[in-house]
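# Architecture and fold: a report
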Amino acid sequence: MAGARDEQRQHLPGGPQSQGEDCPEGGGENGSASSGRRTGSDLGFYTISLATAACKQMIELRMQSDHQNSGGQLKVATKDAAQASDMGDWETGGATYQAGALEPTKGSLKGRGQEEVLVSGCLRLAGHHLLNTVPLPQVVDGIEVYGTKVHCKVTSRFAHNVVTTRAVNHADTAKEVSFNVELPKTAFITNFTLTIDGVTYPGNVKEKEVAKKQYEKAVSQGKTAGLVKASGRKLEKFTVSVNVAAGSKVTFELTYEELLKRHKGKYEMYLKVQPKQLVKHFEITADIFEPQGISTLDAEASFITNDLLSSALTKSFSGKKGHVSFKPSLDQQRSCPTCTDSLLKGDFIITYDVNRESPANVQIVNGYFVHFFAPQGLPVVPKNVVFVIDVSGSMHGRKMEQTKDALLKILEDVKEDDYLNFILFSGGVTTWKDTLVQATPENIQEARKFVMNIRDQGMTNINDALLKGISMLNKAREEYRVLERSTSIVIMLTDGDANVGESRPEKIQENVRNAIGGKFPLYNLGFGNNLNYNFLERMALENHGLARRIYEDSDANVQLQGFYEEVANPLLTDVEVEYPENAILDLTQNSYQHFYDGSEIVVAGRLADEDMNSFKADVKGHGAINDLTFTEELDMKEVEKALKERDYIFGNYIERLWAYLTIEQLLEKRKNAHGEEKENLTAQTLDLSLKYHFVTPLTSMVVTKPEDNENKTAIADKPGEGPVDAEVIPSMAYLTNSQPPQTPYYVDGDPHFIIQVPEKDDAICFNIDEEPGTVLRLIQDPVTGLTVNGQIIGEKRSSLDSQTRKTYFGKLGIANAQMDFQIEVTPERITLWHGAAQSTFSWLDTVTVTQDGLSVTIDRKNMVVSFGDGVTFVVVLHQVWKKQPIHHDFLGFYVVDSHRMSAQTHGLLGQFFHPFDFKVSDVHPGSDPTKPDATMVVKNHRLTVTRGSQKDYRKDVSAGTKVACWFVHNNGQGLIDGVHSDYIVPSLF
């Protein structure tokens, strides 16, 4: 704080913020109050400016207010005793304040020509400082964010969230102000406004095709920025920046909505908190209204201790209403008592559940209804589970160990009435047992031994493994080997794409669909990013299951175990929700293969006749012991009475809930639809998205900004987990950076991978040491369909002075599955395939090929490949003298523009297209005096790195340009995700 004394203004504690001419605020001739705080066990020291008698009076009033009953004595010390004696003694309310001289050891105060006084406590008054400072708001680069508020309104699980940030530019020049919000992936943005000096610039939701034209017009003028991209496991990040004139204020307001899903017995509101600076008025509030009554309500924060949280948090619930408020003061936001950085950085999670006196609840508002169903206390239906586990080579290492750990934990939770088996697949398929076996203690012990001995090996045969598991379940049912009132489940875990046996996704999907025949669900777990998640999701959805991504992290085993817990306790099977014939229109999904304990079935629709007198709903399902029917009846007059109190939040919430649920389910159906059916689903989804102002995969929000902004038009899209369909404009068109990166990511030489980090003005490099013939995955983007693989070649023979044989890239394969293009690059030739059509070129050719969005330019030792605007690669040819005894010709590969590639891009190079941070410290001499070592912290790993340099050959293929970098040893271990062998693939395409 003391170091910022000359830069920040402070109002006197407890006093008015402006005293007019008698007690001026701010700098200039009259001075300002500035904080020069020192901490000690007994004394607090505070610097105060006295400009006039009015200021003196204000201090007296404050002292009187704080300490009138303390009996304490204060010394008011000035720069010299003469000034002190002029001031005399102050007497206020039982406390005496005497003038005295400044002690020599405290004489380092810096004045501005005004009278400065140091008020120091002479007595310890129960540990209380005699004068409390008002903590200063933080100004960063001239910008003060003085207000951030997150207001959540929840009615019947439907959440309406408004995030508002207010900032002011204190600088004397225009400054760029950024607004960042991380929102749940399950939410739809519904509105955004930008207000500068009272002028509001709204966001408008438009059909993606229309937005694309507006966007491309802006792109052609170099004036655009994308707004939304995936962020971590649960979130998407909305970012917008705007230029704000000197002295001006700006207000950002983002609104998003979502239906809170019941998960393990609770509803969860997940908020990411990261203001990045101290905020004078920071507040999170949630108002919850649940007609069933609230049974539990809690809030927790990952960034603060429970003691600190409780001092800033209030939460209460009674009957149908609940309230949560988190309002930390400036001091409570500090990471330490004298720090100027904020500790508000992490997750703020609100959880609650409702009373369940009856298993169902129906609510009707303005002709729309919602039906919640979650029975309690039913016996668990026994289950027959086949675990289909990928044990191919790419699962080697931590992934395999985490999978085994999760399976061992799952075996502890399997119930004795359950039946199970394990199927392992790599190039072939192996099973633990020939048939399903009951989960007796003896069999569980044997299963544990089997799991502990699982080893990774070979390729990935998804098709045969799934068909084996499905056949085993079908056979067990046909031969009455399992309980009659049991249910079957297939759970598959894989970290890659099928590459042996039947490897066509469409054919595998068809085979699995025909084998299951709608009898039981398939759950697909995709481990990591190097897989076709879209394929896994489509296959699961059309077999009444779901797909879940398991993130490669230290808690992957917990993620796997957590998923199993969700499906471990089925309470009902073949659930049907029925309503009177012809009474309901536009019904959402009303049949479910399973109802699991801790979850909830939600059905919504529209009443055909709003004047009906009563409403009846039946839920039918098969339980563990018998078939069950749950009936809910409503008197419409009673419903009308209840309506009045429901306006507590927002009146049309059920209609918006219905629209949200309908859009969500239409989008899922659309993933497996074709032809006319797909066109109809697209039209319905688009119509609802536009009508209710939702940003979905078919719509975009166009955000306009003031004329003086370089990026005047920006687009907010909905990122997905997998690729978007070709006929819909891909989200990648607007997702990430507004400008191409200034420096490339590249691999050249032995093979040296160089990752330049513009934010750090630095670079990281690493080598991959593998045998000649090995193919490595450099880039894979499941959204755009782009992949780049490289095959390693070795030297003709090892050089005499080298301990190891050097390797290089001798062949590159660049493919775009969506555009049906493949390019094979070798030192001898370049071959292009578009479908079955093939073209071959020599490096001696000077040629440009342009076709369907692809551009390839060859110009002697240099080839540029572009896929539209936003994806550009450069391949450099390194040629050696033909009679050179050791070296071969080889290739270098450079990524000079990746800003249109999705947030799901991965690979040895692709994983670094997303922002990441690293810190280097403890630089010290290494084994080579010219190359110091240091400690690098990156991706939660602490590594020893060495300073070195590599070459960038794009502009000068002979000499290159030197690039300084920190070298990460051991094949990039700790820097790259997983281990380098995870990136080995079987072939170039």
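Residues numbered from 1 in each chain as written. Predicted model: local features only at pLDDT ≥ 70, side-chain atom pairs only at ≥ 80, totals over all residues. Heavy atoms only, no water.

## Brief notes about the overall build of the chain
Regarding its fold elements, the chain presents 15 helices and 58 strands. Out of the 989 residues belonging to the chain, those deemed buried represent 54%. Contacts spanning at least 24 positions in sequence make up 68% of the contacts within the chain whose residues lie at least 6 apart. Total accessible area on the chain is roughly 43,100 Å²; 46% of this is exposed by carbon and sulfur atoms. (Helix = DSSP H or I, 4+ residues; strand = E, 2+ residues; numbered from the N terminus. Buried < 20%, exposed > 50% of the residue type's maximum accessible area, 1.4 Å probe, protein only. Contact = heavy atoms within 4.5 Å. Areas by Shrake-Rupley, 256 points an atom, 1.4 Å probe, with all protein chains shown as cover.)

## Focus: the side chain of T774
Relative to the helices and strands, T774 is located in the loop between strand 42 (762–767) and strand 43 (775–781). Residue classification places T774 among the buried positions, given a relative accessible area of 12%. Those residues in contact with T774, other than ones at most four positions away along the chain, are G790, Q791, I792 and I984.

## Notes on the sheet that holds strand 22 (residues 346–354)
Pairing in this open sheet of 4 strands is antiparallel, and the strands run 16-17-22-19 from one edge to the other. Of all strands in the sheet, those with a lone pairing partner are strand 16 (262–263) and strand 19 (294–301), marking the two edges. Alignment of strand 19 against strand 22, held across 7 bridges, turns out to be antiparallel. The partner of A299 across the bridge, within strand 22, is I350. (Pairing = 2+ DSSP bridges.)

## Topic: unusual backbone geometry
Phi at R157 takes a positive value of approximately 70°, unusual for a residue other than glycine. For R157, a relative accessible area of 0% puts it in the buried group. Unlike most non-glycine residues, D197 shows phi in positive territory, near 50°. In this fold, D197 is placed in the loop between strand 10 (188–196) and strand 11 (199–207).

## Considering the packing of helix 6 (residues 398–413) against helix 7 (residues 441–452)
Close contact between helix 6 and helix 7 brings their axes to 10 Å; oriented N to C, the two are set at 175°. In terms of orientation, helix 6 and helix 7 fall into the roughly antiparallel class. Here K404, L407, L408, L411 and E412 of helix 6 come into contact with helix 7, specifically with I444, A447, R448, V451 and M452. Among the residues forming the contact of helix 6 with helix 7, the class breakdown is 7 nonpolar, no polar and 3 charged. (Axes fitted to C-alpha atoms, helices over the stretch in contact; angles between N-to-C directions. Parallel < 35°, antiparallel > 145°, perpendicular 65-115°, else oblique. Nonpolar A, V, L, I, M, F, W, Y, C, P; charged D, E, K, R; others polar.)

## Here's the deal with the sheet that holds strand 37 (residues 627–635)
Read across the open sheet, the 4 strands follow the order 34-32-36-37; overall the sheet is antiparallel. Single-partner strands in this sheet number two, and they are strand 34 (591–596) and strand 37. This sheet shows a mean twist of 30° between the axes of neighbouring strands, independent of strand direction. In terms of strand pairing, strand 32 (residues 570–578) meets strand 36 (residues 614–622) through 4 bridges, oriented antiparallel. Across the sheet, E578 pairs through a bridge with D618, a residue of strand 36.

## Focus: the pattern of salt bridges
In total, this model carries 29 salt bridges according to the counting rule given. Across the salt bridge formed by K272 and D347, the nearest N and O atoms sit 3.1 Å from each other. Here D347 lies in strand 22 and K272 lies in strand 17 (residues 266–273), a separation of 75 residues in the sequence. For K272, a relative accessible area of 31% corresponds to the partly exposed category. Since its relative accessible area comes to 18%, D347 is described here as buried. Among the charged side chains, a salt-bridge network with shared partners connects R157, R262, E290, D353, R356 and E600. (Salt bridge = Lys/Arg side-chain N within 4 Å of Asp/Glu carboxyl O.)

## Remarks on the packing of helix 6 against helix 11 (residues 556–567)
Across the interface, helix 6 lies against helix 11 with an axial gap of 8 Å and an inter-helix angle of 35°. Classified by chirality, the crossing of helix 11 by helix 6 is right-handed. Facing Q402, T403, D405, A406, K409, I410 and D413 of helix 6, the residues of helix 11 in contact are A556, N557, L560, Q561 and Y564. Taken together, the residues of the contact of helix 6 with helix 11 sort by class into 5 nonpolar, 4 polar and 3 charged. (Left-handed = near helix turned anticlockwise from the far one by under 90°.)

## Brief notes about the pairing of strand 50 (residues 854–859)
A one-sided burial pattern is seen for strand 50, the buried positions being L854, V856 and I858 and the unburied ones S855, T857 and D859. By the bridge criterion, 6 bridges tie strand 49 (residues 846–851) to strand 50 in an arrangement that is antiparallel. Following the sheet pairing, V847 is matched in strand 50 by I858. Bridging between strand 50 and strand 51 (residues 862–867) involves 5 bridges; their strand directions are antiparallel.

## Some thoughts on the nonpolar core
Across soluble globular proteins, nonpolar side chains have a tendency to be buried as a group. Within the largest apolar cluster, 56 residues are counted, with the highest numbers of intra-cluster contacts made by F192, F326 and F348. Tallying contributions element by element places strand 7 (residues 143–155) first for this core, with 5 residues. (Core = buried A, V, L, I, M, F, W, Y, C linked by side-chain atoms within 4.5 Å.)

## Quick notes on the packing of aromatic side chains
Scanning all chains against the criterion turns up 33 aromatic pairs. Arranged with centres 6.3 Å apart and planes meeting at 85°, the rings of F753 and F809 form a pair that is edge-to-face. Of this pair, F753 sits in strand 41 (residues 752–757) while F809 is found in strand 45 (residues 807–816), placing the two residues 56 residues apart along the sequence. Look at F753 and you get buried, because its relative accessible area is 0%. Considering the side-chain rings of F916 and F918, the 6.4 Å spacing of their centres and the 35° angle between planes classify their relative orientation as tilted. Note on F916: relative accessible area 19%, which makes it buried. An aromatic cluster is present here, built from F753, F766, F809, F912, F916 and F918 joined pairwise through their rings. In this structure, R157 is placed above the aromatic ring of F372, and the distance from its NZ or CZ to the ring centre is 3.7 Å. The lysine or arginine in question, K399, covers the ring of F527, its NZ or CZ lying 5.9 Å from the ring centre. (Phe/Tyr/Trp six-rings, centres within 6.5 Å; stacked < 30°, edge-to-face > 60°. Lys NZ or Arg CZ within 6 Å of the ring centre and 35° of its normal.)

## Concerning the state of the cysteines
Tallied over the entire structure, the rule returns 2 disulfides. Paired by a disulfide, C336 and C339 hold their sulfur atoms 1.8 Å apart. Linking C336 and C339, the disulfide has an S-S dihedral of approximately 95° and is accordingly described as right-handed. Between the sulfur atoms of C765 and its disulfide partner C965 the distance amounts to 2.2 Å. Because the torsion about its S-S bond is 70°, the bridge between C765 and C965 counts as right-handed. Taken together, the residues span a long stretch of sequence, with C765 in strand 42 and C965 in strand 57 (residues 961–968) at a distance of 200 residues. Since its relative accessible area comes to 1%, C765 is described here as buried. (Disulfide = S-S within 2.5 Å.)

## Some words on the confidence of the model for the chain
Confidence along the chain averages 78 in pLDDT terms, with 77% of residues attaining 70 or more. Across residues 1–135, where pLDDT falls below 50, the model places 218 contacts with residues more than four positions away in sequence or in other chains. With pLDDT under 50 throughout, residues 722–743 is counted as low confidence; its partners more than four residues away or in other chains account for 64 contacts. (pLDDT = per-residue confidence, 0-100.)

## Describing the environment of S302
Tracing the backbone through its elements, the reader meets S302 in the loop between strand 19 and helix 4 (306–312). The sequence separation of S302 and F348 amounts to 46 residues, and the corresponding C-alpha distance is 6.7 Å. With sequence-adjacent residues up to four places away left out, S302 is seen in contact with G346 and D347. Within the structure, the side chain of S302 is placed 2.8 Å from the backbone nitrogen of D347, a separation counted as a polar contact. (Polar contact = N/O pair within 3.5 Å; in protein donor to acceptor, adjacent residues only side chain to side chain.)

## Observations concerning the side chain of E502
Relative to the assigned elements, E502 resides in the loop between strand 29 (487–494) and helix 9 (505–516). Its relative accessible area of 18% is what places E502 among the buried residues. Side-chain polar atoms of E502 contact the side chain of R504, separated by 2.9 Å. Residues within four places of E502 in sequence aside, it is in contact with N463, K507, I508 and N511.

## A closer look at helix 9
Its 12 residues give helix 9 an end-to-end C-alpha distance of 16 Å, which sits within 8% of 16 Å, the value for a rise of 1.5 Å per residue. Of the positions making up helix 9, those classed as buried are I508, Q509, N511, V512 and I516. With its buried residues spanning 165° around the axis, helix 9 presents them on a single face. Turned more than 90 degrees from where helix 9 packs its buried face, E506 and N514 sit exposed. Buried-residue contacts for helix 9 involve helix 8 (462–478), strand 30 (522–527) and helix 10 (533–541). Following helix 9 by one or two positions, G517 has its phi on the positive side, about 60°. (Expected span 1.5 Å × (residues − 1). Arc of directions from axis to C-beta.)

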